[in-house]
Each structure stands twice: as structure tokens, then as C-alpha cells.
Amino acid sequence: MRRLRNKWALLSLALLGVVMAILFFQVTFGLLFILVNGLIIYILAVLRLRKRLWPYRLIGGAYLIFAVTFAGVEGYILKEAYDETGNLSEDYGAVLILGAGLKGEEPSKTLLSRLATGVEVLKIREDLPVVVSGGQGPGESISEAKAMGRHLIAHRIDESRIIYEDASTNTYENMLYSRRVLEDSGLKEGKVLIVTNDFHLARSKMLARDVGLDASGYAAPTPWFVRANYYIREYFAMVKTFLLGRGTLDG
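Residues numbered from 1 in each chain as written. Predicted model: local features only at pLDDT ≥ 70, side-chain atom pairs only at ≥ 80, totals over all residues. Heavy atoms only, no water.

> So what exactly am I meant to see when it comes to the sheet that holds strand β7 (residues 215-220) here?
Think of a sheet as strands paired side by side through backbone hydrogen bonds, with each pair either parallel or antiparallel. Ordered in space as β5-β4-β1-β6-β7, the 5 strands form an open sheet in which the pairing is parallel. Strands at the two margins of the open sheet, each flanked by one partner only, are β5 (162-165) and β7. Averaged over all pairs of adjacent strands, the angle between their axes in this sheet comes to 25°, without regard to strand direction. Relative to β7, strand β6 (residues 191-197) runs parallel, the two being bridged by 6 bridges. In the sheet register, L193 faces β7, and the bridge partner there is S216. With respect to the sheet, helix α5 (residues 144-154) is in contact with β1 (92-98), β4 (130-133) and β5, its orientation differing from that of β5 by roughly 165°. In this fold helix α7 (residues 201-210) packs onto β1, β6 and β7, with an angle of close to 150° to the strand it touches most, β6. (Pairing = 2+ DSSP bridges. Helix = DSSP H or I, 4+ residues; strand = E, 2+ residues; numbered from the N terminus. Axes fitted to C-alpha atoms, helices over the stretch in contact; angles between N-to-C directions. Contact = heavy atoms within 4.5 Å.)

> What is the right way to read the packing of helix α4 (residues 109-124) against α5 from this model?
Each pair of packed helices can be summarised by the angle the axes make with each other and by the distance between the axes. Running from N to C, α4 and α5 cross one another at 45°; their axes reach a closest spacing of 10 Å. Taken together, the axis directions place α4 and α5 in an arrangement best described as oblique. Note that α4 runs across α5; the crossing there is right-handed. Contacts between α4 and α5 involve L111, L112, L115, V119 and L122 from the former and M148, H151 and L152 from the latter. (Parallel < 35°, antiparallel > 145°, perpendicular 65-115°, else oblique. Left-handed = near helix turned anticlockwise from the far one by under 90°.)

In C-alpha cells form, the structure reads like this:
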């Protein structure tokens, strides 16, 4: 019995260590996911060895449900990310580039990826206007939309083509407020080409449909060093979308 108590004490210390790492060393979401899963598997192994069948079956059953839903949702996210061709010859009314955070006034690496892809699209489809969507969040000196507009202009996209949506704070608001600025510009009826990162396409298109936008997607590559982190985090964002409603999400 004493040995078992010692094991649970070690587990508690391990969990405390994970929390401390998050607070003080800014451990990424992906690493936290791996650590928590490893901890759960270890707990299950201990329960199995100790023949604690009731808690083993309860925790194991819950973990199995999670694993199945995780595989299913991630499969859908990956399908949307890599099946989306973004055919540029379609009859679009506008391009929509989604914001992804600033450091002061400078776009994050994720946002730079979206902007680089957006520039490519806009140089091929010179007939299309572009909505840059993103408000001003913590740690940001200006709105994401303003920073995105500056970047496009610096890369020779005519300023007259740029429509600013600078009030949104999450993906749902990106879609809702962008629909409104499109309506104000007389562009609501055309199909919208959403430019965002590959991991973000599935949720973006789903939310676009929710607000009444006819949308297709064009995937920007996610920087390799954060790819796993964002794909894992997107599972929880998708689940939150279904459970808590469309307008409560970040990202």
C-alpha cells in the first residue's frame, strides 16, 4: 500500500512538473499533449499491473473514446488540408486572407505563410479584390488587417484591391465580419477563396458556411517547426466548435 502511495505521489509530481513547464518554459501545446498522453498510458499500465480493474476500465474506456474521436477529427482536418486544390480558374468574387497574430507590428511566421500564399494568388488573379481579416489582440500594436495590408502593398498588390476587416478576434468573427464587409462592397454573391494555413482550412470552411459564405479554400503551408503543434491543437478547436458553439473560439 505504501509503495502504491509512493507511485501516486510520483505521478502527482510529474503532473506538477508539466504545469510548471507550461508556466515557466512555455512548453508547446503539442509537447503538452504528448506528455499528458504518456502520463495516462503510464497510469493505465500501473492500474493493470495492480489489477485495479474498475478504474482501469473506466479510464481506459474514456481514453479509447478520445483516441477514436481524435483519429476521426484529425483525419477530416488532414483530408481538407490536402484535398483542397484551390482551383484558381473558378469564378470567385473575392479572396479572403485570415489573420494569425502579430508581434508588435510584425506578422508571425504563420501569418507570413498565409500572406506569401495570398500574394501568389492575387498576382495570378489580378481581377480579384482581397479582404484582409483580423483585429488587434494582446501584444499587437496595430490590427492584423492593417499589418496584412501593408505587407500586400509592399509586395506590389494595388491598395485599391484591399478591403480591411479589422474587428474580428477569432475565426468565427473573421467569417461573420468579412461577410459584412463583402456585403457593404457589393461582393456578397460571389464565391470567396479563403487563404489560410492547411491545418485551419477545415474549420474555416465550416464556419464560412455557417455565416452564409460560399467558400473554397487555398492552403498556405504551415512552418514545419509548429506543424504538429497546430494540427493537434486544431482537434480541440474543432471539438470546442461543436460543443460550445461557433462564436467562442480563438484562432
